[in-house]
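Okay, here's what each chain looks like letter by letter:
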Amino acid sequence: MALLNILNYPDSRLYKKAKPVAVVDERIRQLVRDLAETMYAAPGIGLAATQVDVHERVVVIDVSDTRDQLQVLINPELLWSSEDKKVFEEGCLSVPGIYDKVERPDRVKMRALNERGESFELNAEGLLAVCIQHEMDHLLGKIFVEYLSPLKQTRIKTKMKKLMKAM
């Protein structure tokens, strides 16, 4: 396993759309293991392959307190989202140190493949639903700060550019 380099906003590679995974093979399973190791080390609760400059539709999530309930989503697709929405404070491993409130559907139903290439459906609510939507946004080349006001987006972009120069 290997820790992967997480891209930082506003890196243009974060805006690339991910392509569907054609075959769930050993290469994809290794990617899943590397994504999980990177996510846990960061530490985070979700990581999309796009964030590590791999533009394939692969996501890992673990919203458990015990950090031992890894969920693998390959080629995830939203089947349904609730009309009722909730505001959650979101952060992102690609936008370190920045947290803000984002309104999203409170419940979702999605379909994906697991690391064995088996299809499954999942109903999610609360934090898990938010995390699924957040990570799926990454696969579409969208970052959570895009839900914020233009002023906040500009401030965050400036702050992140200064942070990158300091590194």
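Throughout what follows, the structure given in this document is the object of discussion. (Residues numbered from 1 in each chain as written. Predicted model: local features only at pLDDT ≥ 70, side-chain atom pairs only at ≥ 80, totals over all residues. Heavy atoms only, no water.)

1. Considering helix H1 (residues 26-41)
Inference 1: The terminal C-alpha atoms of H1 lie 22 Å apart, and with 16 residues this matches the ideal 22 Å at 1.5 Å per residue to within 8%.
Inference 2: Taken residue by residue, H1 has Ile 28, Leu 31, Val 32, Asp 34, Leu 35, Ala 36, Thr 38 and Met 39 as its buried positions.
Inference 3: Buried residues belonging to H1 abut strand S1 (46-48), strand S2 (58-61) and strand S3 (71-81).
Inference 4: Sitting at the amino-terminal end of H1 is Asp 25, which places a side-chain oxygen 3.2 Å from the backbone nitrogen of Arg 27. (Helix = DSSP H or I, 4+ residues; strand = E, 2+ residues; numbered from the N terminus. Expected span 1.5 Å × (residues − 1). Buried < 20%, exposed > 50% of the residue type's maximum accessible area, 1.4 Å probe, protein only. Contact = heavy atoms within 4.5 Å. Polar contact = N/O pair within 3.5 Å; in protein donor to acceptor, adjacent residues only side chain to side chain.)

2. Some words on the pairing of strand S7 (residues 119-125)
Inference 1: Pairing analysis gives seven bridges linking strand S6 (residues 107-113) to S7, with the strands arranged antiparallel. Residue Leu 113 lies in a different strand from S7, and its bridge partner there is Ser 119.
Inference 2: Where S6 hands over to S7, the hairpin turn is made up of five residues, of which Gly 117 adopts a positive phi near 85 degrees. (Pairing = 2+ DSSP bridges.)

3. Section: the layout of surface pockets
Inference 1: A volume near 380 Å³ is recorded for the largest pocket.
Inference 2: Taken together, 23 residues line the largest pocket, and the ones lying closest to its centre are Ile 45, Glu 90, Gly 91, Cys 92 and Tyr 99.
Inference 3: The element contributing the most residues to the lining of the largest pocket is helix H2 (residues 126-139), with six residues.
Inference 4: Considered class by class, the residues forming the lining of the largest pocket number 13 nonpolar, seven polar and three charged. (1 Å grid on protein atoms, 1.4 Å probe; cavity = no way out; pocket = protein on both sides within 12 Å on 5 of 7 lines; lining within 4 Å. Points joined across faces, edges and corners; volume = space filled by probe spheres on them. Nonpolar A, V, L, I, M, F, W, Y, C, P; charged D, E, K, R; others polar.)

4. Quick notes on the sheet that holds S6
Inference 1: The strand order S1-S2-S3-S6-S7 describes an open sheet built from five strands, whose pairing is antiparallel. Looking at the sheet topology across the chains shown, the edges are occupied by S1 and S7. Put simply, the sheet's adjacent strands are angled 40 degrees from each other on average, direction ignored.
Inference 2: Packed onto the sheet, H1 meets S1, S2 and S3 and runs at close to 40 degrees relative to S2. (Axes fitted to C-alpha atoms, helices over the stretch in contact; angles between N-to-C directions.)

5. Here we look at the environment of Glu 103
Inference 1: Here Glu 103 shows up in strand S5 (residues 95-105).
Inference 2: Linking Glu 103 and Val 130, residues 27 residues apart in sequence, is a C-alpha distance of 9.1 Å.
Inference 3: In contact with Glu 103, not counting residues within four places along its chain, are Lys 85, Lys 86 and Val 87.

6. What to know about the pattern of salt bridges
In a structure, side chains of opposite charge can pair up when their charged atoms sit close to one another.
Inference 1: Enumeration according to the criterion identifies 14 salt bridges in this entry.
Inference 2: Between Arg 111 and Glu 121 there is a salt bridge; the shortest N-O distance is 3.4 Å. Of this pair, Arg 111 sits in strand S6 while Glu 121 sits in strand S7, placing them ten residues apart in sequence.
Inference 3: Exposure remark for Glu 121: the relative accessible area of 44% places this residue in the partly exposed category.
Inference 4: In this structure, a network of salt bridges that share partners links the residues Glu 77, Lys 109, Arg 111 and Glu 121. (Salt bridge = Lys/Arg side-chain N within 4 Å of Asp/Glu carboxyl O.)

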